[in-house]
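# Close look at the chain arrangement
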Amino acid sequence: MAIDSGMKHACVSGVDGVAAGLGEGPYAVSLSQDVMVAMRDGVQLAVDLYVPVAAEGSVAPRWPCLLERTPYDKSGTAQSDVVAGQPLPLSKPQIARWFASHGFVVAMQDCRGRYRSQGVFTKYTNEAEDGYDTLAWLAAQPWSDGRVLTQGLSYCAHVQTALGSLAPPALTAQFVDSGGFSNAYQGGIRQGGAFELKQATWAYKHALLSPRTQQDPVRKAALQAQDIRAWFRRMPWARGDSPVSAAPEYEDYLFEQWEHGDFDAYWQQVELCGERHYDRYADVPMVHMSSWYDPYVRTATDNYLGLSRRKRGPVHLVMGPWIHGRRSQTHSGDVDFGPQSTLDAAFGGSFYQLRRAWYDHVLGRSGDDPFARGRVSIFVMGGGSGRRNADGRLEHGGRWLHADDWPLPGTTTRALHLHADGRLDAAPSTDPLAALDYVYDPARPVPTIGGTITSAEEIMPPGAFDQRDDARFFGCSGSGRDIGERDDVLCFRSAPLTQDVEIAGSIRARLFVSSDCVDTDITIKLIDEYPPSADYPQGFAMNLSDGILRLRYRDSWEQPRLLVPGEVVEVEVEAFATANRFRQGHRIRLDVSSSNYPHFDLNPNTGAAPGRWCEARVAHNRVHMDRAHPSQLLLPVLPLREGD
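Summary of the structure given here. (Residues numbered from 1 in each chain as written. Predicted model: local features only at pLDDT ≥ 70, side-chain atom pairs only at ≥ 80, totals over all residues. Heavy atoms only, no water.)

Our focus in this paragraph is the sheet that holds strand β15 (residues 394–395). Backbone hydrogen bonds are what pair the strands of a sheet, in a parallel or an antiparallel way. The mixed open sheet is built from three strands, whose spatial order is β12-β13-β15. In this open sheet, the two strands that pair with only one neighbour each are β12 (331–332) and β15. (Pairing = 2+ DSSP bridges. Helix = DSSP H or I, 4+ residues; strand = E, 2+ residues; numbered from the N terminus.)

A few words now on the environment of R233. Structurally, the position occupied by R233 is in the loop between α8 (228–232) and α9 (248–259). By relative accessible area, which is 57% here, R233 ends up exposed. Residues R233 and C111 lie 122 residues apart in sequence; the distance between their C-alpha atoms is 33 Å. Not counting chain neighbours up to four residues away, the residues in contact with R233 comprise D227 and F474. (Buried < 20%, exposed > 50% of the residue type's maximum accessible area, 1.4 Å probe, protein only. Contact = heavy atoms within 4.5 Å.)

Inspection of the secondary structure puts S377 in strand β14 (residues 376–381). When the C-alpha atoms of S377 and L401 are compared, they prove to be 5.8 Å apart, with 24 residues separating the residues in sequence. What S377 contacts, discounting residues up to four positions off in sequence, is L317, V318, M319, F347, W400, L401 and H402. Polar contacts involving the side chain of S377 include one to the side chain of H402, which spans 2.9 Å. (Polar contact = N/O pair within 3.5 Å; in protein donor to acceptor, adjacent residues only side chain to side chain.)

Interhelical geometry of helix α5 (residues 198–209) versus helix α7 (residues 217–224) gives an angle of 150° and a closest axis separation of 9 Å. The angle between α5 and α7 places the two elements in the roughly antiparallel class. The crossing of α5 and α7 is left-handed. Contacts between α5 and α7 involve Y204, A207 and L208 on the former and, on the latter, R219, K220, L223 and Q224. When its residues are assigned to classes, the contact of α5 with α7 shows four nonpolar, one polar and two charged. (Axes fitted to C-alpha atoms, helices over the stretch in contact; angles between N-to-C directions. Parallel < 35°, antiparallel > 145°, perpendicular 65-115°, else oblique. Left-handed = near helix turned anticlockwise from the far one by under 90°. Nonpolar A, V, L, I, M, F, W, Y, C, P; charged D, E, K, R; others polar.)

Attention shifts here to the layout of surface pockets. Taken as a whole, the largest pocket holds about 810 Å³ of empty space. As for the largest pocket, its lining consists of 39 residues, and the residues nearest its centre are Y72, A78, Q79, S80 and L153. For the lining of the largest pocket, the secondary structure elements donating two or more residues are β4 (63–70), α2 (92–101), β5 (105–110), β6 (144–153), α5 and α12 (351–362). If one sorts the elements of the lining of the largest pocket by residue count, α5 sits on top with five residues. (1 Å grid on protein atoms, 1.4 Å probe; cavity = no way out; pocket = protein on both sides within 12 Å on 5 of 7 lines; lining within 4 Å. Points joined across faces, edges and corners; volume = space filled by probe spheres on them.)

A few words now on the packing of aromatic side chains. Two numbers describe a pair of aromatic rings. These are the distance of the centres and the angle of the planes. Taken as a whole, this structure holds 43 aromatic pairs when the rule is applied. Aromatic side chains F175 and W358 sit 6.0 Å apart centroid to centroid with 85° between the ring planes, which places their arrangement in the edge-to-face category. Of this pair, F175 sits in strand β7 (residues 171–177) while W358 is found in helix α12, placing the two residues 183 residues apart along the sequence. We classify F175 as buried; its relative accessible area is 1%. According to the relative accessible area criterion, W358 is buried, its value standing at 0%. Ring plane angle 75° and centroid distance 5.8 Å describe the contact between Y185 and W557, whose orientation is recorded as edge-to-face. Residue Y185 is located in the loop between β7 and β8 (190–191), and its partner W557 is located in the loop between β23 (540–550) and β24 (569–582); the two are separated by 372 residues in the primary sequence. One cation-aromatic arrangement involves R114 over F121; the distance from NZ or CZ to the ring centre is 5.5 Å. One cation-aromatic arrangement involves R327 over F351; the distance from NZ or CZ to the ring centre is 3.9 Å. (Phe/Tyr/Trp six-rings, centres within 6.5 Å; stacked < 30°, edge-to-face > 60°. Lys NZ or Arg CZ within 6 Å of the ring centre and 35° of its normal.)

Counting 173 residues, the largest nonpolar core has L49, F232, W292, I378, W406 and L511 as its most contacted members. In this view, F232 contacts L197, A200, T201, W237, I459, F474, Y597 and P598; residues no more than four positions away in its chain are not counted. Within the second largest apolar cluster, seven residues are counted, among which are V446, F465, C476 and V489. (Core = buried A, V, L, I, M, F, W, Y, C linked by side-chain atoms within 4.5 Å.)

Laid out in C-alpha cells, this is it:
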C-alpha cells in the first residue's frame, strides 16, 4: 500500500439536506480524499474513504465497508442517482456520506487511468485484479471488521462481477445493478455476432473526459472537432480513421472489441465472460438487477440462472420496465408504466433505502429482508388504459410479480407460425412454396427506433416507441410511416387477440432463410400492436424486444461458416427477455429484416472481417415458411390467473 502525503481529510457533521431526505443516520462522517492504494503492478488508484465517527470517548468500532469502483469520477454525479419525487440526482459524495452516516465505511475509487487514479485505462480488462487488490486492502484497514460489500451501476456493476469471479475472501455481498457481464459477446458489447455501436459513442464521450485529453489541448481540440452523427453516416471506419483516432488508447480497445468477431480467448477473459467462471465465483448473497430496455437484460437473467443454481446465496433477480439505471422513472421512451412501476413503489422506499435494508439484513444487523416476497421480482408491462397521458406518453401500465425462480413457474412455450400473407398464428403453413423476399442494402439500413440501448442518446434514444419513421431517430426522415411498411422489413401479425396473452422470458424466432450472399444478418423485433384509438388514430406499435444473428455464426460462435448462396438454412434468432401483457384486441407482431442501425454495426454481406471491411454489396434475402420450412415465433407464455 502507498498513501499520498498530499491526501485531504475532512470531517462532515452529517449529510446535506437532499440526502437527509432519505433519513440521516446517527453518525457524523470523516472523509479522507485521494488515498492512493497500490495495485500488484505498482500502479496507484485513488480512493475516497467516508468513515463513520464514533461517539467521543467510546471504543473505536470496526465497520463493514461498501466499495464502489467507477470510471465516471468518484466525486461526480450520475443522472441515474435519483430518488422518486426529487428533481435532481444525488452526487456520489452525498450518497457515500448517507451510507456512512448509517454505519458503513464507504470507499469510492476511480478505476485505473481515470480521473485521480494512475495508469492507462483499457475498458473492462484490468478490473478483476484491481478490484481484488483494492478489496484486500480495505479489509486489512484498522477500521474494518473484515467484511466488504460491493455496489454500483453499469461499468460499476461490471467491475463487481470481475472481482467476484476471483472470489476474494473478504467479499460479503454484492448489489449488481444493470451490468456485470455474464457474456459480453452475447450482450453489452456484441450480440448474435454483431457489434453494439454504443461502444463507439461511449468511447468518444469518455475519450473527451479522460485525464490525457484534459492535459493535452491539441488532443482535446481534435476530439471536440468531431461530428459523431456525421461519422455514423459514413461507415465503415478504420483504425486511424474514426471519431476517436486522436485518443489512440480508446481507439485501440474499441477496434479490438469490434475486430474480434469470433468467440475466442479474448471474450473468455474473466472480466468479459462471467459464465465461464461461475463455479469459482464467490458464494455470497447477491442481487442482480436490470430492466427490459437495458443492454444488460441477458446479463442479469443469465447471472441469476448460473449463480442461483450453484450457490447457497441467496441470489436475487429484479427486472423493471426502465431504461438503463432509471429505476425511479415511470416511463421508457414514449411509454409510461404507471406510478407502481418504479423500484421505489415496488419495495416501499428509495433505491438507497432498499440497499441499506438488504445490507443490514445480510450483515445480521436487521432481521427484515426486503426481498422476503420472493427471490425474483419481475415487472410485467401492459394492462393500462392505452390513452395518451398529460406528458404525451402511452399509458401501457403493468404490475409486479414476485416468485422464487426464473423463468417464472408455469411458463410454457407457444409457437406462432409465419405465413406468406403476413399472418402470425398457431397453424403451420400448408403451402408447399410459401416464402417472402426482401433486399438488404447496407447503404439504406432499417433505423433503430428505441430498444435496449445506453450511452448513445444523441444518436439512438433508448426505450419504447411507436415504430414509425420519426425525425428524432438517426436515419429517419420524419415521414410518420410505420417501419413495418418498408420494403426491407417483413411484418407478421396475429389476428386481434380474443383474450389477454401474458409472456415473460426470452424471445426466439426459428426461421428458415436463404441469401444470394455468403453472409448477412437476420434481425427480429417483437411488438405489441395497439388498435387505432381516439388518442392514437393509427394505433401504436410498441417495441418490446429485438435480436440479431450474423448468419456466419448460425452453427457456432467459435467457428464461423459462410453461407452457400441460395441454400436454405435453419437458424434461431434470440431477442432479450421481456415481460408483457398483450391485451384483448391487440395484435402480437414480429418484424423480420437484416439491419437495426445504429444499434448494431452493418453487415457488408461479403464475409469480410468485422471492423475491417471496405466494400459492401446488396443482399437478396428470403424467409421460407412453406410446409417443409415452418418458420415460427416462440413465446414464453404465462398462465392467466383467476381474475386476470
